[in-house]
Amino acid sequence: MTITSTLHPAGVRTVTMDYPPVNALPVAGWFDVAAAMREATADAETRVVILRAEGRGFNAGVDIKEMQRIEGFSGILGANRGCYEAFKAIYECAVPVISAVNGFCLGGGVGLVGNSDVIVASDDATFGVPEVDRGALGAATHLSRLVPQHMLRSMYYTSRTVTARRLEEFGSVAAVVPRDELDATALALAEEIAAKDPRVIRAAKEALNGIDPIDVNRSYRFEQGFTFELNLAGVADQHRDAFVATGENLST
């Protein structure tokens, strides 16, 4: 169960999440994603990053079962800080980050892709933020970068998902392909970007972040404040305990 980072020819770095069975990341996993992105920033040979996953789906959010095994508030504090650091590191990575999404992308997974520069997805990919069903809030900041505002609200309140095909219509997903073509599609796009002058591309990334209308780091941190409130009130524990008791396949 690891986060691996590999630099390939032409300056394309692949960061792979592999946490069976559903890529619900433990606390350490989120920090490992952040570390991989910072490694890419520091490496002058890295021109583009592809964030991808092995297994059934791209990401099922935080590992709720791990969180419920940890005494007190250290589990939720660790997960929230880890998510914040991972999302922030993707957004602030000095080179473009391409997310290659297979299967489900839920909760924290939307935080990862929402802060990426480009998204490609397999034709079975779905995206959603079921946080309210877990007694938490978060990643609305990142979902808002994928869907229109009123769709965001309906998805958030109901925990419904949206297909990659629909996001492609909005322009949020750059390409939707069969799953067996996903890695090749992401690599072709990465190589196209990597062929550009890296000095210009790094400047372009900084410039595009600089003109964003919303400070995504601050916005997400604001959301997390309500998650902390729900935890202190005992609401979140009730929902997470119910989730663990049902033995659901996906953690968010």
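Treat the numbers as computed from the prediction; the structure is a model and nothing was measured.

Participant: Even after reading the chapter, I still don't get helix H3 (residues 74-92), so can you show me in this structure?
Facilitator: An α-helical segment advances 3.6 residues per turn. Residues three or four places apart therefore align on the same side. Between its first and last C-alpha, H3 extends 26 Å over 19 residues, near the 27 Å set by a 1.5 Å rise per residue. Of all 19 residues in H3, 14 are buried, a share of seventy percent or more.

Participant: What is the right way to read the sheet that holds strand S9 (residues 175-177) from this model?
Facilitator: Strand pairs in the sheet, formed through backbone hydrogen bonds, run parallel or antiparallel to each other. Spatial ordering of the open sheet is given by S1-S2-S3-S4-S6-S9, a layout of 6 strands whose pairing is mixed. Looking at strand neighbours, the two that pair on one side only are strand S1 (2-7) and S9, the edges of this open sheet. If you compare each strand with its neighbour and ignore which way they point, the axes differ by 20° on average. Of the strand pairs in this sheet, strand S6 (residues 118-122) and S9 are connected by 3 bridges, and their pairing is parallel. Counted as the bridge partner of Ser-122 is Val-177 from S9.

Participant: What's the story with the state of the cysteines in this structure? I'm lost.
Facilitator: Two cysteines joined by a covalent bond between their sulfur atoms form a disulfide. Inspection of every chain in the model, using the stated rule, returns 0 disulfides. Cys-83 forms no disulfide, and the closest cysteine sulfur to it belongs to Cys-105, at a distance of 12 Å. In this structure Cys-93 is not part of a disulfide, and its nearest cysteine sulfur, from Cys-105, lies 18 Å away. Under the relative-accessibility criterion, Cys-93 is labelled buried at 1%.

Participant: Help me understand the packing of aromatic side chains, please; the structure alone is not making it clear to me.
Facilitator: Each aromatic ring pair is summarised here by two numbers: the centre-to-centre distance and the angle between the ring planes. Evaluation of the coordinates by the stated rule reveals 3 aromatic pairs. Each ring, one from Phe-87 and one from Tyr-220, has its centre 5.0 Å from the other, and the planes form 55°; the classification is tilted. Taken together, the residues Phe-87 in helix H3 and Tyr-220 in helix H10 (residues 216-232) connect sequence positions 133 residues apart. Pair check on accessibility: Phe-87 and Tyr-220 agree, each one buried. Taken together, the ring pairs in this structure connect Trp-30, Phe-87 and Tyr-220 into an aromatic cluster. One residue, Arg-221, lies across the ring of Tyr-84, its end atom 5.0 Å from the ring centre.

Participant: Sorry if this is basic, but what is going on with the packing of H3 against H10 here?
Facilitator: A pair of packed helices can be characterised by two numbers: the angle between their axes and the separation between those axes. In the contact formed by H3 and H10, the axes pass within 11 Å of each other and the chain directions differ by 170°. Between H3 and H10, the angle falls in the class roughly antiparallel. Two secondary-structure elements touch here, H3 through Ile-76, Leu-77, Asn-80, Arg-81, Cys-83, Tyr-84, Phe-87, Lys-88, Tyr-91 and Glu-92 and H10 through Val-216, Asn-217, Tyr-220, Arg-221, Gln-224, Thr-227, Phe-228 and Asn-231. Counted by class, the contact of H3 with H10 contains 9 nonpolar, 5 polar and 4 charged residues.

Participant: So what exactly am I meant to see when it comes to the pairing of strand S2 (residues 12-18) here?
Facilitator: If a strand is regular, its side chains alternate between the two faces of the sheet. Burial of S2 is extensive: 6 of the 7 residues sit out of reach of the surface. Pairing analysis gives 6 bridges linking S1 to S2, with the strands arranged antiparallel. Its bridge partner lying in S2, Thr-4 is registered against Thr-16. Between the end of S1 and the start of S2, which pair antiparallel, lie 4 residues, with Ala-10 showing a positive phi angle near 70°. Across 6 bridges, S2 lies against strand S3 (residues 48-53) in parallel orientation. Looking across to S3, one finds that Arg-13 is bridged to Val-49.

Criteria and cut-off values
- Residues numbered from 1 in each chain as written.
- Predicted model: local features only at pLDDT ≥ 70, side-chain atom pairs only at ≥ 80, totals over all residues.
- Heavy atoms only, no water.
- Helix = DSSP H or I, 4+ residues; strand = E, 2+ residues; numbered from the N terminus.
- Expected span 1.5 Å × (residues − 1).
- Buried < 20%, exposed > 50% of the residue type's maximum accessible area, 1.4 Å probe, protein only.
- Pairing = 2+ DSSP bridges.
- Axes fitted to C-alpha atoms, helices over the stretch in contact; angles between N-to-C directions.
- Disulfide = S-S within 2.5 Å.
- Phe/Tyr/Trp six-rings, centres within 6.5 Å; stacked < 30°, edge-to-face > 60°.
- Lys NZ or Arg CZ within 6 Å of the ring centre and 35° of its normal.
- Parallel < 35°, antiparallel > 145°, perpendicular 65-115°, else oblique.
- Contact = heavy atoms within 4.5 Å.
- Nonpolar A, V, L, I, M, F, W, Y, C, P; charged D, E, K, R; others polar.

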